[in-house]
Amino acid sequence: MKTAAIIGGGPAGLMAAEVLSGHGLQVDVYDSMSSLGRKFLMAGKSGLNLTHSEPFEKFVSRYGSKKQEVEKWLLKFTPDDLIEWARGLGVETFVGTSGRVFPKEMKASPLLRAWLKRLDAAGVHVHLRHKWMGNITAEDDGASSLAFETPDGLKTVKADAVILSLGGGSWARLGSSGEWVHWLDQAGVKVEALKPSNCGFDVAWSPFFKEKFDGQPIKSVVLTFGEFHQQGEFIVTKEGVEGSLVYAASAGMRDEILANGKAVMRLDLAPDKTEAQLFEKLSKPRGSRSMASHLEKTVGMKGVKAGLLREFVPKDEFADMARLAFYIKQLPVPLAATRPLDEAISSAGGVSFESLDEQLMLKNVPGVFCAGEMLDWEAPTGGYLLTACFASGRVAANGVMKWQGNR
Ligand SMILES: Cc1cc2nc3c(=O)[nH]c(=O)nc-3n(C[C@H](O)[C@H](O)[C@H](O)COP(=O)(O)OP(=O)(O)OC[C@H]3O[C@@H](n4cnc5c(N)ncnc54)[C@H](O)[C@@H]3O)c2cc1C
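Residues numbered from 1 in each chain as written. Predicted model: local features only at pLDDT ≥ 70, side-chain atom pairs only at ≥ 80, totals over all residues. Heavy atoms only, no water.

1. A short note on the site of the ligand
By nearness alone, 30 residues border the ligand, and Asp31, Asn49, Trp132, Glu373 and Leu386 come closest of all. The side chain of Asp31 places a nitrogen or oxygen atom 2.6 Å from an oxygen atom of the ligand. The contact in question runs from a nitrogen atom of the ligand to an N or O atom on the backbone of Trp132, over 2.9 Å. Protein coverage of the free-state accessible area of the ligand, which is 1,000 Å², stands at 95%. Looking at the shell around the ligand, the elements that each hand over two or more residues are helix 1 (11–22), helix 2 (38–45), strand 7 (131–138) and helix 14 (384–406). (Near = heavy atom within 4 Å. Polar contact = N/O pair within 3.5 Å; in protein donor to acceptor, adjacent residues only side chain to side chain. Areas by Shrake-Rupley, 256 points an atom, 1.4 Å probe, with all protein chains shown as cover. Helix = DSSP H or I, 4+ residues; strand = E, 2+ residues; numbered from the N terminus.)

Structure (C-alpha coordinates):
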(Lines give C-alpha, C1' and ligand atoms only; values in the text may rest on other atoms or scores of the structure.)
Protein backbone atom coordinates (compact mmCIF):
# COMPACT_ATOMS: atom_id res chain seq x y z
CA MET A 1 0.00 0.00 0.00
CA LYS A 2 1.32 3.45 -0.92
CA THR A 3 1.79 5.88 1.94
CA ALA A 4 1.27 9.63 2.23
CA ALA A 5 2.53 11.88 5.02
CA ILE A 6 0.56 15.06 5.51
CA ILE A 7 2.32 17.61 7.68
CA GLY A 8 -0.11 20.12 9.19
CA GLY A 9 -3.60 19.15 10.29
CA GLY A 10 -5.52 22.34 9.48
CA PRO A 11 -8.33 22.61 6.90
CA ALA A 12 -5.97 22.11 3.91
CA GLY A 13 -4.17 19.09 5.33
CA LEU A 14 -7.30 17.36 6.58
CA MET A 15 -8.99 17.83 3.22
CA ALA A 16 -5.96 16.26 1.53
CA ALA A 17 -6.13 13.38 4.03
CA GLU A 18 -9.78 12.81 3.17
CA VAL A 19 -9.13 12.62 -0.56
CA LEU A 20 -6.07 10.36 -0.25
CA SER A 21 -7.64 7.94 2.21
CA GLY A 22 -10.61 7.78 -0.16
CA HIS A 23 -8.21 6.55 -2.85
CA GLY A 24 -6.92 3.77 -0.62
CA LEU A 25 -3.59 5.27 0.45
CA GLN A 26 -2.27 4.82 3.96
CA VAL A 27 -2.44 8.40 5.28
CA ASP A 28 -0.56 9.75 8.29
CA VAL A 29 -1.24 13.30 9.47
CA TYR A 30 1.49 14.90 11.58
CA ASP A 31 1.01 18.07 13.59
CA SER A 32 3.23 19.90 16.06
CA MET A 33 0.30 20.78 18.30
CA SER A 34 -1.51 18.57 20.82
CA SER A 35 -4.76 18.76 18.81
CA LEU A 36 -5.70 19.41 15.18
CA GLY A 37 -7.37 22.37 13.52
CA ARG A 38 -6.66 24.97 16.19
CA LYS A 39 -6.88 27.94 13.84
CA PHE A 40 -10.04 26.50 12.30
CA LEU A 41 -11.55 26.37 15.78
CA MET A 42 -10.43 29.95 16.39
CA ALA A 43 -12.15 30.97 13.15
CA GLY A 44 -15.25 29.38 14.65
CA LYS A 45 -15.14 31.84 17.55
CA SER A 46 -16.27 34.58 15.19
CA GLY A 47 -18.99 32.44 13.59
CA LEU A 48 -16.93 30.39 11.09
CA ASN A 49 -17.48 32.13 7.81
CA LEU A 50 -17.05 29.04 5.61
CA THR A 51 -17.58 30.58 2.20
CA HIS A 52 -19.58 33.22 0.30
CA SER A 53 -22.76 33.00 -1.76
CA GLU A 54 -21.87 35.64 -4.39
CA PRO A 55 -21.60 34.63 -8.09
CA PHE A 56 -18.51 32.55 -8.93
CA GLU A 57 -16.95 35.27 -11.12
CA LYS A 58 -17.14 37.75 -8.28
CA PHE A 59 -15.93 35.13 -5.81
CA VAL A 60 -12.75 34.36 -7.74
CA SER A 61 -12.02 38.06 -8.26
CA ARG A 62 -11.36 38.24 -4.50
CA TYR A 63 -8.02 36.50 -4.99
CA GLY A 64 -6.65 39.56 -6.82
CA SER A 65 -3.41 38.97 -8.70
CA LYS A 66 -3.55 35.21 -7.89
CA LYS A 67 -7.09 34.82 -9.25
CA GLN A 68 -5.98 32.65 -12.18
CA GLU A 69 -4.15 30.14 -10.00
CA VAL A 70 -6.80 29.92 -7.26
CA GLU A 71 -9.66 29.74 -9.79
CA LYS A 72 -8.28 26.40 -11.03
CA TRP A 73 -8.69 24.93 -7.56
CA LEU A 74 -12.12 26.46 -7.05
CA LEU A 75 -13.43 25.12 -10.34
CA LYS A 76 -12.78 21.65 -8.91
CA PHE A 77 -14.25 22.44 -5.50
CA THR A 78 -16.67 25.34 -5.68
CA PRO A 79 -18.28 27.24 -2.79
CA ASP A 80 -21.43 25.15 -3.46
CA ASP A 81 -19.38 21.95 -3.24
CA LEU A 82 -18.09 23.14 0.12
CA ILE A 83 -21.61 23.73 1.42
CA GLU A 84 -22.58 20.25 0.22
CA TRP A 85 -19.47 18.76 1.81
CA ALA A 86 -20.32 20.38 5.17
CA ARG A 87 -23.85 18.99 4.86
CA GLY A 88 -22.29 15.55 4.42
CA LEU A 89 -20.78 16.03 7.87
CA GLY A 90 -24.16 16.92 9.32
CA VAL A 91 -23.47 20.66 9.28
CA GLU A 92 -26.21 22.77 7.69
CA THR A 93 -25.30 26.29 6.62
CA PHE A 94 -27.13 29.56 6.10
CA VAL A 95 -26.44 32.72 4.13
CA GLY A 96 -26.06 35.81 6.29
CA THR A 97 -27.29 39.26 5.29
CA SER A 98 -23.90 40.09 3.77
CA GLY A 99 -24.00 36.97 1.59
CA ARG A 100 -21.46 35.20 3.79
CA VAL A 101 -22.10 31.52 4.51
CA PHE A 102 -21.95 30.19 8.08
CA PRO A 103 -22.79 26.89 9.76
CA LYS A 104 -26.14 27.19 11.52
CA GLU A 105 -24.39 26.56 14.83
CA MET A 106 -21.95 29.42 14.11
CA LYS A 107 -18.96 27.45 15.33
CA ALA A 108 -16.32 25.07 14.05
CA SER A 109 -16.21 22.38 16.74
CA PRO A 110 -19.20 20.24 15.58
CA LEU A 111 -17.85 20.19 12.02
CA LEU A 112 -14.28 19.40 13.11
CA ARG A 113 -15.46 16.65 15.49
CA ALA A 114 -17.55 14.97 12.81
CA TRP A 115 -14.76 15.32 10.28
CA LEU A 116 -12.06 13.82 12.51
CA LYS A 117 -14.39 10.94 13.31
CA ARG A 118 -14.93 10.27 9.61
CA LEU A 119 -11.19 10.47 8.90
CA ASP A 120 -10.50 8.06 11.73
CA ALA A 121 -13.06 5.63 10.33
CA ALA A 122 -11.33 5.94 6.94
CA GLY A 123 -8.09 4.77 8.56
CA VAL A 124 -6.24 8.11 8.70
CA HIS A 125 -3.59 8.01 11.44
CA VAL A 126 -3.02 11.19 13.39
CA HIS A 127 0.33 11.88 15.11
CA LEU A 128 0.13 14.85 17.46
CA ARG A 129 3.11 16.69 18.98
CA HIS A 130 5.15 15.74 15.94
CA LYS A 131 7.00 18.79 14.74
CA TRP A 132 8.56 18.47 11.33
CA MET A 133 12.04 19.99 11.45
CA GLY A 134 12.31 21.00 7.81
CA ASN A 135 14.34 18.17 6.33
CA ILE A 136 13.22 15.94 3.49
CA THR A 137 15.61 13.28 2.21
CA ALA A 138 14.89 11.64 -1.11
CA GLU A 139 15.31 7.86 -0.92
CA ASP A 140 16.50 5.66 -3.79
CA ASP A 141 13.03 4.19 -4.27
CA GLY A 142 11.53 7.67 -4.81
CA ALA A 143 10.07 7.90 -1.31
CA SER A 144 10.93 10.70 1.14
CA SER A 145 12.32 10.51 4.68
CA LEU A 146 11.11 13.08 7.17
CA ALA A 147 12.34 13.84 10.68
CA PHE A 148 10.00 14.92 13.49
CA GLU A 149 10.70 16.23 16.95
CA THR A 150 8.38 14.31 19.27
CA PRO A 151 7.99 13.99 23.06
CA ASP A 152 9.90 10.69 22.69
CA GLY A 153 12.78 12.26 20.81
CA LEU A 154 13.61 12.52 17.11
CA LYS A 155 11.58 10.21 14.89
CA THR A 156 12.20 9.49 11.21
CA VAL A 157 9.42 8.29 8.93
CA LYS A 158 9.30 7.34 5.28
CA ALA A 159 6.44 8.11 2.91
CA ASP A 160 5.82 7.67 -0.80
CA ALA A 161 4.39 11.18 -1.05
CA VAL A 162 4.35 14.22 1.23
CA ILE A 163 1.89 17.10 1.50
CA LEU A 164 3.01 20.17 3.39
CA SER A 165 0.01 22.12 4.74
CA LEU A 166 1.78 24.15 7.40
CA GLY A 167 -0.37 27.29 7.36
CA GLY A 168 0.80 30.90 7.24
CA GLY A 169 2.62 32.87 9.89
CA SER A 170 -0.07 34.48 12.03
CA TRP A 171 -1.35 33.41 15.44
CA ALA A 172 1.75 31.25 15.98
CA ARG A 173 0.36 29.98 19.26
CA LEU A 174 -2.22 28.01 17.25
CA GLY A 175 0.56 26.13 15.45
CA SER A 176 1.30 27.93 12.19
CA SER A 177 4.57 29.60 13.07
CA GLY A 178 5.93 30.16 9.56
CA GLU A 179 9.24 28.49 10.52
CA TRP A 180 9.00 26.47 7.31
CA VAL A 181 9.75 29.60 5.24
CA HIS A 182 13.43 29.35 6.12
CA TRP A 183 13.53 25.57 5.64
CA LEU A 184 11.96 25.63 2.19
CA ASP A 185 14.08 28.59 1.21
CA GLN A 186 17.18 26.56 2.06
CA ALA A 187 15.83 23.69 -0.03
CA GLY A 188 15.87 26.04 -3.03
CA VAL A 189 12.11 26.65 -3.08
CA LYS A 190 11.12 30.22 -3.98
CA VAL A 191 9.15 31.59 -1.04
CA GLU A 192 7.79 35.14 -0.93
CA ALA A 193 8.25 36.70 2.51
CA LEU A 194 5.18 36.30 4.71
CA LYS A 195 3.31 39.57 5.28
CA PRO A 196 0.27 40.40 7.37
CA SER A 197 -3.02 40.16 5.49
CA ASN A 198 -6.40 41.23 6.88
CA CYS A 199 -4.45 43.14 9.47
CA GLY A 200 -4.66 46.23 11.64
CA PHE A 201 -2.40 49.31 11.47
CA ASP A 202 -0.48 51.54 13.84
CA VAL A 203 -1.67 55.13 14.09
CA ALA A 204 0.24 57.74 16.09
CA TRP A 205 -2.75 58.82 18.21
CA SER A 206 -2.30 61.64 20.70
CA PRO A 207 -2.13 60.41 24.34
CA PHE A 208 -5.55 62.02 24.96
CA PHE A 209 -7.25 60.28 22.01
CA LYS A 210 -5.89 56.84 22.74
CA GLU A 211 -6.78 57.05 26.41
CA LYS A 212 -10.30 58.25 25.72
CA PHE A 213 -11.28 56.16 22.68
CA ASP A 214 -9.37 52.87 23.00
CA GLY A 215 -11.81 50.07 22.12
CA GLN A 216 -14.46 52.32 20.58
CA PRO A 217 -16.11 51.33 17.30
CA ILE A 218 -16.26 53.80 14.43
CA LYS A 219 -19.49 52.95 12.71
CA SER A 220 -20.85 53.57 9.24
CA VAL A 221 -17.93 55.37 7.69
CA VAL A 222 -16.62 55.04 4.16
CA LEU A 223 -12.95 54.14 3.89
CA THR A 224 -11.19 55.10 0.68
CA PHE A 225 -7.73 53.99 -0.31
CA GLY A 226 -6.81 53.95 -4.00
CA GLU A 227 -9.45 51.87 -5.76
CA PHE A 228 -10.86 50.67 -2.45
CA HIS A 229 -14.06 52.47 -1.43
CA GLN A 230 -16.33 50.74 1.06
CA GLN A 231 -18.71 51.53 3.88
CA GLY A 232 -18.38 49.68 7.16
CA GLU A 233 -16.94 49.90 10.61
CA PHE A 234 -13.75 49.39 12.52
CA ILE A 235 -12.32 49.79 16.00
CA VAL A 236 -9.88 52.22 17.57
CA THR A 237 -7.17 50.54 19.64
CA LYS A 238 -4.36 52.02 21.71
CA GLU A 239 -1.97 51.19 18.89
CA GLY A 240 -4.13 52.16 15.95
CA VAL A 241 -7.04 50.64 14.04
CA GLU A 242 -8.40 47.14 13.45
CA GLY A 243 -11.65 45.45 12.41
CA SER A 244 -13.55 44.41 9.32
CA LEU A 245 -13.43 47.60 7.23
CA VAL A 246 -9.71 48.12 7.88
CA TYR A 247 -8.97 44.45 7.15
CA ALA A 248 -10.84 44.69 3.87
CA ALA A 249 -8.63 47.60 2.76
CA SER A 250 -5.47 46.24 4.33
CA ALA A 251 -3.69 44.64 1.35
CA GLY A 252 -3.31 47.90 -0.56
CA MET A 253 -2.48 49.94 2.52
CA ARG A 254 0.15 47.37 3.59
CA ASP A 255 1.78 47.41 0.15
CA GLU A 256 1.87 51.22 0.17
CA ILE A 257 3.60 51.19 3.57
CA LEU A 258 6.08 48.59 2.31
CA ALA A 259 6.82 50.73 -0.75
CA ASN A 260 6.81 54.21 0.80
CA GLY A 261 7.02 53.80 4.56
CA LYS A 262 3.52 55.17 5.16
CA ALA A 263 -0.03 55.21 3.85
CA VAL A 264 -2.97 57.54 4.34
CA MET A 265 -6.53 56.22 4.42
CA ARG A 266 -9.40 58.66 3.86
CA LEU A 267 -12.53 58.47 5.94
CA ASP A 268 -15.95 59.83 5.11
CA LEU A 269 -17.42 60.30 8.58
CA ALA A 270 -20.87 61.29 7.29
CA PRO A 271 -21.66 59.08 4.25
CA ASP A 272 -25.34 60.09 4.20
CA LYS A 273 -24.59 63.81 3.75
CA THR A 274 -22.88 65.71 0.97
CA GLU A 275 -20.08 68.17 1.60
CA ALA A 276 -22.44 71.00 0.56
CA GLN A 277 -25.09 69.87 3.05
CA LEU A 278 -22.49 69.67 5.81
CA PHE A 279 -21.20 73.12 4.95
CA GLU A 280 -24.69 74.57 5.02
CA LYS A 281 -25.42 73.09 8.44
CA LEU A 282 -22.03 74.00 9.89
CA SER A 283 -22.46 77.59 8.65
CA LYS A 284 -25.42 78.21 10.96
CA PRO A 285 -24.54 80.82 13.59
CA ARG A 286 -22.60 79.23 16.42
CA GLY A 287 -23.39 81.87 19.01
CA SER A 288 -21.78 81.15 22.35
CA ARG A 289 -21.70 77.37 21.77
CA SER A 290 -18.37 75.57 22.02
CA MET A 291 -17.05 74.07 18.78
CA ALA A 292 -17.71 70.56 20.14
CA SER A 293 -21.33 71.43 20.82
CA HIS A 294 -21.68 73.15 17.41
CA LEU A 295 -20.38 70.03 15.63
CA GLU A 296 -22.82 67.83 17.51
CA LYS A 297 -25.86 70.10 17.14
CA THR A 298 -25.38 70.88 13.44
CA VAL A 299 -23.95 67.70 11.86
CA GLY A 300 -24.18 65.13 14.66
CA MET A 301 -20.41 64.70 15.02
CA LYS A 302 -19.63 63.62 18.57
CA GLY A 303 -17.62 61.10 20.54
CA VAL A 304 -14.96 59.22 18.65
CA LYS A 305 -15.84 60.79 15.27
CA ALA A 306 -15.42 64.31 16.70
CA GLY A 307 -12.23 63.06 18.35
CA LEU A 308 -10.91 61.93 14.95
CA LEU A 309 -11.57 65.40 13.54
CA ARG A 310 -9.62 66.93 16.44
CA GLU A 311 -6.76 64.52 15.73
CA PHE A 312 -6.39 65.13 12.01
CA VAL A 313 -7.91 68.47 10.96
CA PRO A 314 -5.12 71.06 11.03
CA LYS A 315 -5.75 73.45 13.95
CA ASP A 316 -5.82 76.54 11.74
CA GLU A 317 -8.59 75.04 9.58
CA PHE A 318 -10.90 73.94 12.35
CA ALA A 319 -12.82 77.20 12.45
CA ASP A 320 -13.22 77.31 8.65
CA MET A 321 -16.58 75.61 8.04
CA ALA A 322 -15.89 74.91 4.35
CA ARG A 323 -12.66 73.12 5.27
CA LEU A 324 -14.33 71.31 8.15
CA ALA A 325 -17.06 70.04 5.81
CA PHE A 326 -14.34 68.87 3.42
CA TYR A 327 -12.50 67.02 6.19
CA ILE A 328 -15.65 65.32 7.46
CA LYS A 329 -16.02 63.82 3.98
CA GLN A 330 -12.32 63.06 3.41
CA LEU A 331 -10.44 62.90 6.67
CA PRO A 332 -6.85 61.78 6.09
CA VAL A 333 -5.73 59.23 8.68
CA PRO A 334 -2.00 58.46 8.41
CA LEU A 335 -1.02 54.84 9.00
CA ALA A 336 2.50 54.35 10.30
CA ALA A 337 2.90 50.57 10.04
CA THR A 338 1.01 47.31 9.81
CA ARG A 339 0.38 45.53 13.08
CA PRO A 340 2.69 42.49 13.49
CA LEU A 341 2.09 39.40 11.35
CA ASP A 342 1.27 37.33 14.41
CA GLU A 343 -1.84 39.47 15.05
CA ALA A 344 -3.15 39.28 11.48
CA ILE A 345 -6.08 37.10 10.46
CA SER A 346 -3.99 35.61 7.66
CA SER A 347 -0.70 35.85 5.77
CA ALA A 348 0.18 37.02 2.31
CA GLY A 349 3.29 35.62 0.66
CA GLY A 350 4.40 32.00 0.88
CA VAL A 351 5.46 29.29 -1.55
CA SER A 352 5.64 30.93 -4.96
CA PHE A 353 3.56 29.48 -7.80
CA GLU A 354 6.75 29.49 -9.88
CA SER A 355 8.07 26.76 -7.59
CA LEU A 356 4.98 24.58 -8.05
CA ASP A 357 3.53 22.61 -10.91
CA GLU A 358 -0.20 22.55 -11.70
CA GLN A 359 -0.71 19.76 -9.17
CA LEU A 360 0.94 21.88 -6.43
CA MET A 361 4.05 19.67 -6.37
CA LEU A 362 7.35 21.41 -5.66
CA LYS A 363 9.22 21.36 -8.96
CA ASN A 364 12.59 20.85 -7.31
CA VAL A 365 11.45 18.34 -4.65
CA PRO A 366 9.50 15.65 -6.53
CA GLY A 367 6.86 13.91 -4.46
CA VAL A 368 6.39 16.86 -2.10
CA PHE A 369 3.20 18.91 -2.52
CA CYS A 370 1.99 22.08 -0.77
CA ALA A 371 -1.50 23.31 0.10
CA GLY A 372 -3.40 25.96 2.02
CA GLU A 373 -2.42 29.32 3.40
CA MET A 374 1.29 28.58 3.02
CA LEU A 375 0.96 29.18 -0.73
CA ASP A 376 1.49 32.68 -2.14
CA TRP A 377 -2.07 34.00 -2.38
CA GLU A 378 -4.26 36.16 -0.18
CA ALA A 379 -7.89 37.12 0.05
CA PRO A 380 -10.11 39.28 2.22
CA THR A 381 -12.24 37.83 4.99
CA GLY A 382 -15.61 36.53 3.80
CA GLY A 383 -14.97 32.78 3.68
CA TYR A 384 -12.48 33.12 0.82
CA LEU A 385 -9.56 31.92 2.97
CA LEU A 386 -11.09 28.66 4.11
CA THR A 387 -12.65 27.89 0.72
CA ALA A 388 -9.28 28.18 -1.03
CA CYS A 389 -7.51 26.19 1.73
CA PHE A 390 -9.98 23.31 1.39
CA ALA A 391 -9.87 23.42 -2.42
CA SER A 392 -6.06 23.48 -2.57
CA GLY A 393 -5.89 20.50 -0.20
CA ARG A 394 -7.95 18.54 -2.72
CA VAL A 395 -5.80 19.66 -5.64
CA ALA A 396 -2.59 18.59 -3.86
CA ALA A 397 -4.12 15.22 -2.92
CA ASN A 398 -5.29 14.58 -6.48
CA GLY A 399 -1.80 15.63 -7.56
CA VAL A 400 -0.35 12.91 -5.34
CA MET A 401 -2.64 10.34 -6.98
CA LYS A 402 -1.65 11.45 -10.46
CA TRP A 403 2.04 11.46 -9.60
CA GLN A 404 1.82 7.99 -8.07
CA GLY A 405 -0.03 6.80 -11.15
CA ASN A 406 2.68 8.16 -13.44
CA ARG A 407 5.46 6.44 -11.56
C1 LIG B 1 -9.03 34.75 14.40
C2 LIG B 1 -9.17 34.14 13.03
C3 LIG B 1 -10.42 34.04 12.46
C4 LIG B 1 -10.56 33.49 11.17
N5 LIG B 1 -11.79 33.40 10.62
C6 LIG B 1 -11.93 32.91 9.37
C7 LIG B 1 -13.22 32.79 8.78
O8 LIG B 1 -14.25 33.02 9.43
N9 LIG B 1 -13.30 32.36 7.49
C10 LIG B 1 -12.19 32.03 6.76
O11 LIG B 1 -12.31 31.68 5.57
N12 LIG B 1 -10.96 32.07 7.32
C13 LIG B 1 -10.81 32.50 8.60
N14 LIG B 1 -9.56 32.54 9.17
C15 LIG B 1 -8.40 32.04 8.37
C16 LIG B 1 -8.35 30.49 8.35
O17 LIG B 1 -8.57 29.98 9.64
C18 LIG B 1 -6.99 30.04 7.81
O19 LIG B 1 -6.78 30.63 6.55
C20 LIG B 1 -6.92 28.52 7.67
O21 LIG B 1 -7.04 27.90 8.94
C22 LIG B 1 -5.61 28.08 7.04
O23 LIG B 1 -5.67 26.68 6.87
P24 LIG B 1 -4.35 25.82 6.63
O25 LIG B 1 -4.78 24.40 6.68
O26 LIG B 1 -3.64 26.31 5.43
O27 LIG B 1 -3.40 26.17 7.87
P28 LIG B 1 -3.66 26.10 9.45
O29 LIG B 1 -5.09 26.06 9.77
O30 LIG B 1 -2.85 27.23 10.01
O31 LIG B 1 -3.00 24.71 9.86
C32 LIG B 1 -1.62 24.52 9.75
C33 LIG B 1 -1.25 23.36 10.67
O34 LIG B 1 0.14 23.05 10.47
C35 LIG B 1 0.72 22.74 11.72
N36 LIG B 1 2.16 22.97 11.62
C37 LIG B 1 2.81 24.12 11.31
N38 LIG B 1 4.13 23.90 11.29
C39 LIG B 1 4.34 22.60 11.59
C40 LIG B 1 5.50 21.78 11.71
N41 LIG B 1 6.73 22.26 11.52
N42 LIG B 1 5.34 20.48 12.02
C43 LIG B 1 4.09 19.95 12.20
N44 LIG B 1 2.97 20.67 12.10
C45 LIG B 1 3.08 21.99 11.80
C46 LIG B 1 0.02 23.68 12.69
O47 LIG B 1 0.09 23.22 14.03
C48 LIG B 1 -1.41 23.70 12.14
O49 LIG B 1 -2.22 22.73 12.77
C50 LIG B 1 -9.40 33.05 10.45
C51 LIG B 1 -8.15 33.14 11.05
C52 LIG B 1 -8.03 33.67 12.34
C53 LIG B 1 -6.66 33.74 12.96
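After that view, the rundown keeps rolling.
2. Some remarks on the layout of surface pockets
The space that makes up the second largest pocket amounts to roughly 810 Å³. Contributing to the lining of the second largest pocket are 37 residues, with Arg62, Ala248, Ala251, Ala379 and Pro380 lying nearest its centre. For the lining of the second largest pocket, the secondary-structure elements that each account for two or more residues are helix 3 (56–61), strand 11 (191–197), strand 14 (228–236), helix 9 (244–260) and strand 19 (346–351). Ranked by the residues each element gives to the lining of the second largest pocket, the list is headed by helix 9, at eight residues. Tallied by class, residues from the lining of the second largest pocket come to eleven nonpolar, 16 polar and ten charged. (1 Å grid on protein atoms, 1.4 Å probe; cavity = no way out; pocket = protein on both sides within 12 Å on 5 of 7 lines; lining within 4 Å. Points joined across faces, edges and corners; volume = space filled by probe spheres on them. Nonpolar A, V, L, I, M, F, W, Y, C, P; charged D, E, K, R; others polar.)

3. Things to note about the pairing of strand 8 (residues 144–150)
Of all the seven residues making up strand 8, six are buried; the element is thus mostly covered by neighbouring parts of the structure. Relative to strand 8, strand 7 runs antiparallel, the two being bridged by five bridges. Opposite Ile136, over in strand 8, you have Leu146 as the bridge partner. Remark: five residues form the turn of the hairpin made by strand 7 and strand 8, two consecutive strands paired antiparallel; Gly142 in that turn has positive phi of roughly 90 degrees. Where strand 8 meets strand 9 (residues 153–159), seven bridges bridge the pair, whose relative direction is antiparallel. Residue Ser144 lies in a different strand from strand 9, and its bridge partner there is Ala159. The hairpin formed by strand 8 and strand 9 contains two residues between the paired strands. (Buried < 20%, exposed > 50% of the residue type's maximum accessible area, 1.4 Å probe, protein only. Pairing = 2+ DSSP bridges.)

4. Considerations on the environment of Leu386
By secondary structure assignment, the location of Leu386 is in helix 14. Residues Leu386 and Ala43 lie 343 residues apart in sequence; the distance between their C-alpha atoms is 9.4 Å. Apart from the residues within four sequence positions on either side, Leu386 is in contact with Pro11, Phe40, Leu48, Asn49 and Leu50. (Contact = heavy atoms within 4.5 Å.)

5. Considering the sheet that holds strand 4 (residues 93–95)
Pairing is antiparallel across the open sheet formed by three strands, whose spatial order is 3-5-4. Each end of this open sheet is capped by a strand with a single partner; those strands are strand 3 (51–52) and strand 4. Across three bridges, the pairing between strand 4 and strand 5 (residues 100–103) is antiparallel. The partner of Thr93 across the bridge, within strand 5, is Pro103.

6. Observations regarding the pattern of salt bridges
Applying the stated criterion across every chain yields a total of 17 salt bridges. The partner of Asp255 in a salt bridge is Arg254, and the shortest N-O contact between them spans 3.0 Å. Classification of Asp255 by relative accessible area gives partly exposed; the value is 35%. Its relative accessible area of 2% is what places Arg254 among the buried residues. A salt bridge links Lys329 to Asp268; the nearest nitrogen and oxygen atoms lie 2.8 Å apart. On the criterion of sequence distance, the pair formed by Lys329 in helix 13 (residues 321–329) and Asp268 in strand 16 (residues 263–268) is long-range, its members being 61 residues apart. In terms of burial, Lys329 and Asp268 fall into one category: buried. Here the salt bridges do not stand alone but share partners, grouping Glu84, Arg87 and Glu92 into one network. (Salt bridge = Lys/Arg side-chain N within 4 Å of Asp/Glu carboxyl O.)

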